[in-house]
Amino acid sequence: NNNNNNNNNNNNNLNLNLINSNNLINTNNNNQTKTIEQIFEKIYKNSNSKDERFKRLNAVLTAIDQIIIEKKTTPTPNAYFALLFTSLADNWKKTTENEASMLLYLIAILIPNVTIAGLRTKFSTIATVFCNLIDTNCESLTILQPLIKCIGYLIRAQDHSNPWLSQGQTLKLFNFILTITIDSRQKLRKSAIKAIRIIAEFNSFSAKECAEVIFPFCEKLFNNSNETDLPNRKKENLLIQSTLLMLTSVLPVLHRVTIASLSQTIIENLLNGVFFTQQMVITGFECLTMLFNDPKSNISFETTAKLYEKIYELQSLESSSIVFLQFIQLLTSATIKLISFNPNLNLENLSIALTTLVDSYYNEDIQVSKCLTENIKKLINSTIDISKINIDNVNEQNEWNTASIEETIANFAEHLQNATLQSYKSNWSQLLIVLTVFFQKLGPYITTFASELFKQTGSLLETMNSNTNNNKIPITPQLEQAFEAAIIAIGPKETLELFPIYFEDDAIRLPRVWILPFIKHHTGTKDKINPNLWSFEYFANTIVFWADQIKELQQKAISKGHETRSRHLRAIYVQIWDLFTCFSQASDVAQHFPIVARRLGIAISDEPPLRISVLNGLIQLIEHNKTNLQSQNESIANLAKQNINSIAQYSKNFLPILFNLYSTVREEQIPLPTSIIAFVSISSKELVNTFFSSVVAKLIEATKIITTEAKSNNNNNNNNNNNDHEMGNNNNNNN
């Protein structure tokens, strides 16, 4: 340490510049400010350790602390780095390996916190010392490991306004790190990969420069391996695998400036057997997937198409489930990349990819099934654009034109339909997740492209709900979710047309009782209803008509003494009316409420089983439109006003029914008070006053009756008390 006070002029300048550079820039390499105590916390904590290594490290830090105090220098990371590096620079030739490794260890801990300006100031001097250390200690693990980290941070701090890799020292240092990434020593390989990421992550300039060296390096290595005969090629197993692993680590932070040629090289090596171990194949697939996933890559459409053709050849390398997992991800990313160029020109490739993945569910490995599901979902959501659908896009044979979005969807639906029949397979639930996503994506086009698939899904659910289910197939939540997604997309009208309720006297299918509750409970909630699909016109003209038909059939069944049939029909009748609450958000109430107003009144007054459903439906209908009256959207507010006016016209009919029921019915679950409040809130003042007078008169009358009854009860009680008193006296006399 005494030598540190007698450095040559060059190193004195270095010392001074590094100490003073703290005033130039106050941000560290990692944009964090740490004190010396925080940086060397682990070493200070072990100052009393019996470990000889910690004793020596503490001795060095104590000496530097003393110098900092003597020089009256602020104890910054820059100041400590200057003293440590000066000592290393002056003595690297004559110090022992242990001493050099100890200094490098401290510098490696410190360098992430040294300011960028501080490292740039004497970049050339620092680089020279590092190059000398490389030349003289190329086999020492204790020196190379901290040295690699130091080089990473040093190159990262280089001025990136000019191509820094064109400079001799910088290129030498970077190539050294790159060579270490394929070293046989695992610890060094990890340190080198980490150093490259440190450099590349700094900014786009450094990432681009790293890529311009790394990619040609990898291509050259792969090509040389390709030319090597098989016996010698096997000796390069570790070399190739190390290169592939390095690529998977650094690709996420690099700019893919040579993605096309690198992708071509990797694919050719896979097909030619250069990557001959399973791990090589897996890592090769992983690299390709990363390359295709990069949205900023400069790969051309022609190159992508050429590579895409070869990807299917790689399917022959499917020697295990773990290899197939990587192939699935590669095919998905490559397809999305290809479609991104021109969706209309590459629909045939999309169709093949989708069907290939769906048909691969024959593999019942759970990890493969989950991977298939995630990647098919990604393909569906990324590549199918229903806004481009043209339902008139048919040929002379009344079939979808080839290589069209319509044919792609129809073809996928057909393959999906075949796959969903295999309900006995363990991965069936995974396939149903894909079915749900497909229905959600298609939306109203389900009836155009996938009506058979939808009917098959419903039939499976019907079979599972049936009491005659001999196969005992369990109902899975995924199957219900798929059918629910379809109903939400197409609405009740299309659903009940594809799953009709037959009203002929002897043809009604009793097991189909399940579908109406399913529609209500799974798709009739407020957050799932599409008002455009749940139109009030459909309720007024179709749903109510069906209910009346069912009622007639029930009466016929009663007259014939068919009690079981009568109960089933009664259940269906109530279920149909239960759907009324689902139409509370309909926008066309004003035009069609008059059609059913009288029928709703009859249901409330004369049919007790329907009261709860009808009253809840009316309450929700009124409250929904009252809420919309406050909408900032003028058209929505105006529509709500029309709907309320239409309902309010019938307040004079509904309120008497509700008041009469309120005075006679004592069932707490029937929402009569809430119903009265809802209608009063939308009625005219005149009507409200009329009913208020009537209510007051009834209250007065009721009060008189109660008062009379109370007086009568009091008289009776007094007479009873007198009788009791007389009986008591008689008893006393007897005693």
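Residues numbered from 1 in each chain as written. Predicted model: local features only at pLDDT ≥ 70, side-chain atom pairs only at ≥ 80, totals over all residues. Heavy atoms only, no water.

Caption draft 1: Representation of the overall build of the protein within the structure. Within the protein, the regular secondary structure consists of 34 helices and 0 strands. Relative to its 735 residues, the protein shows a buried fraction of 48%. Here the contacts in the protein between residues at least 6 apart in sequence split such that 73% fall between residues at least 24 apart. Of the accessible surface of the protein, which amounts to about 35,700 Å², a share of 48% is contributed by carbon and sulfur atoms. (Helix = DSSP H or I, 4+ residues; strand = E, 2+ residues; numbered from the N terminus. Buried < 20%, exposed > 50% of the residue type's maximum accessible area, 1.4 Å probe, protein only. Contact = heavy atoms within 4.5 Å. Areas by Shrake-Rupley, 256 points an atom, 1.4 Å probe, with all protein chains shown as cover.)

Caption draft 2: Quick peek at the packing of aromatic side chains. According to the stated counting rule, one finds 24 aromatic pairs in the structure shown. On the numbers, 5.6 Å between centres and 90° between planes, the contact of Phe-483 with Phe-499 is edge-to-face. Of this pair, Phe-483 sits in helix α25 (residues 477–498) while Phe-499 sits in the loop between α25 and α26 (515–523), and the two are 16 residues apart along the sequence. You'll find Phe-483 and Phe-499 in the same group, each marked buried. Seen in terms of ring centroids, Phe-654 and Phe-679 are 5.0 Å apart; in terms of plane orientation they differ by 20°. Their pairing is stacked. (Phe/Tyr/Trp six-rings, centres within 6.5 Å; stacked < 30°, edge-to-face > 60°.)

Caption draft 3: How the structure looks around helix α21 (residues 405–420). Taking 1.5 Å per residue as the helical rise, α21 with its 16 residues ought to reach 22 Å, and the 22 Å between its terminal C-alpha atoms agrees with that figure. Those residues of α21 that fall on the buried side of the exposure criterion are Ile-405, Glu-406, Thr-408, Ile-409, Ala-410, Phe-412, Ala-413, Leu-416, Ala-419 and Thr-420. (Expected span 1.5 Å × (residues − 1).)

Caption draft 4: Structural detail: the nonpolar core. Ranked by internal contacts, the top residues of the largest apolar core, which has 215 residues, are Phe-130, Ile-214, Leu-247, Phe-438, Phe-536 and Phe-593. Per-element tally for this core: the top contributor is helix α27 (residues 536–559), with 11 residues. Setting aside residues no more than four positions away along its own chain, Phe-130 makes contact with Phe-85, Leu-104, Leu-147, Cys-150, Ile-151, Leu-154 and Leu-173. (Core = buried A, V, L, I, M, F, W, Y, C linked by side-chain atoms within 4.5 Å.)

Caption draft 5: Representation of the pattern of salt bridges. A full pass over the atoms with the stated rule returns 11 salt bridges. Put simply, Arg-599 and Glu-607 hold a salt bridge, and the shortest N to O gap is 3.2 Å. Its relative accessible area of 5% is what places Glu-607 among the buried residues. Between Glu-623 and Lys-626 there is a salt bridge whose closest N-O contact spans 3.5 Å. Placement of the pair is Glu-623 and Lys-626 together in helix α30 (residues 608–628), with a separation of 3 residues, close to one helical turn. Through salt bridges with shared partners, a single ionic network connects Asp-548, Lys-551, Arg-599 and Glu-607. (Salt bridge = Lys/Arg side-chain N within 4 Å of Asp/Glu carboxyl O.)

Caption draft 6: Here's a closer look at unusual backbone geometry. Its identity is not glycine, yet Lys-72 carries a phi of approximately 55°, on the positive side. For Lys-72, a relative accessible area of 77% puts it in the exposed group.

Caption draft 7: Structural view of the side chain of Thr-408. The topology assignment puts Thr-408 in helix α21. In this structure Thr-408 comes out as buried when scored by relative accessible area, which is 2%. At 3.5 Å, the side chain of Thr-408 and the backbone oxygen of Leu-347 are in polar contact. When near neighbours in sequence (up to four residues on either side) are disregarded, Thr-408 contacts Leu-347, Leu-350, Ser-351 and Leu-354. (Polar contact = N/O pair within 3.5 Å; in protein donor to acceptor, adjacent residues only side chain to side chain.)

Caption draft 8: Here's a closer look at the confidence of the model for the protein. Put simply, the protein has an average pLDDT of 79, and 80% of its residues get 70 or more. Confidence drops under pLDDT 50 across residues 1–31; counting only partners more than four residues distant or on other chains, this segment forms 63 contacts. Counting interchain partners and residues more than four positions distant, the pLDDT-below-50 stretch residues 505–509 has 13 contacts. (pLDDT = per-residue confidence, 0-100.)

Caption draft 9: Representation of the packing of helix α17 (residues 301–311) against helix α18 (residues 321–341) within the structure. Contact pair α17 / α18: the axes reach a minimum separation of 10 Å and the direction vectors enclose 150°. Of the possible angle classes, the one that applies to α17 and α18 is roughly antiparallel. Of the two possible hands of crossing, α17 and α18 adopt the one that is left-handed. Along its contact with α17, which presents Phe-301, Thr-304, Ala-305, Tyr-308 and Ile-311, the element α18 presents Phe-327, Leu-330, Leu-331, Ala-334, Thr-335, Lys-337, Leu-338 and Phe-341. Residues belonging to the contact of α17 with α18 are distributed by class as follows: 10 nonpolar, 2 polar and 1 charged. (Axes fitted to C-alpha atoms, helices over the stretch in contact; angles between N-to-C directions. Parallel < 35°, antiparallel > 145°, perpendicular 65-115°, else oblique. Left-handed = near helix turned anticlockwise from the far one by under 90°. Nonpolar A, V, L, I, M, F, W, Y, C, P; charged D, E, K, R; others polar.)

Caption draft 10: Representation of the environment of Ile-384 within the structure. Its location among the elements puts Ile-384 in the loop between α20 (366–383) and α21. According to the relative accessible area criterion, Ile-384 is buried, its value standing at 4%. Considering only alpha carbons, one finds Ile-384 and Phe-438, 54 residues apart in sequence, at a separation of 9.7 Å. Residue contacts for Ile-384: discarding those within four places in its chain leaves Leu-354, Leu-379, Ile-405, Ile-409 and Lys-441.

Caption draft 11: Summary view of helix α19 (residues 347–359). For α19, spanning 13 residues, the distance from its first C-alpha to its last is 18 Å, which sits close to the expected 18 Å at 1.5 Å a residue. Among the residues making up α19, those that are buried are Leu-347, Leu-350, Ser-351, Ala-353, Leu-354, Thr-355, Thr-356, Leu-357 and Val-358. The elements touched by buried residues of α19 are α17, α18, α20 and α21.

Caption draft 12: Quick peek at the environment of Arg-611. Within the secondary structure, Arg-611 is located in helix α30. By relative accessible area, Arg-611 is classed as buried at 8%. Spatially, the C-alpha atom of Arg-611 lies 7.1 Å from that of Ile-670, the residues being 59 residues apart in sequence. The residues touching Arg-611, leaving out its near neighbours within four places in the chain, are Ala-603, Ile-604, Ser-605, Leu-661, Val-665 and Ile-670.

Caption draft 13: Just the packing of helix α8 (residues 123–136) against helix α10 (residues 168–180), in detail. At a minimum axis distance of 10 Å, the contact between α8 and α10 shows a crossing angle of 45°. The orientation of α8 with respect to α10, classified from their angle, is oblique. When you trace α8 past α10, the crossing you get is left-handed. Between α8 and α10, the contacting residues are Phe-123, Ser-124, Ala-127, Thr-128, Phe-130, Cys-131, Ile-134 and Asp-135 on the first element and Gln-169, Thr-170, Lys-172, Leu-173 and Phe-176 on the second. Of the residues that constitute the contact of α8 with α10, the class distribution is 7 nonpolar, 4 polar and 2 charged.

Caption draft 14: Structural view of the environment of Ile-193. Note that Ile-193 resides in helix α11 (residues 186–200). Spatially, the C-alpha atoms of Ile-193 and Leu-247 are 9.0 Å apart, while their sequence positions differ by 54 residues. The contact partners of Ile-193, leaving out residues within four places of it in the chain, are Thr-181, Met-246, Ser-249 and Val-250.

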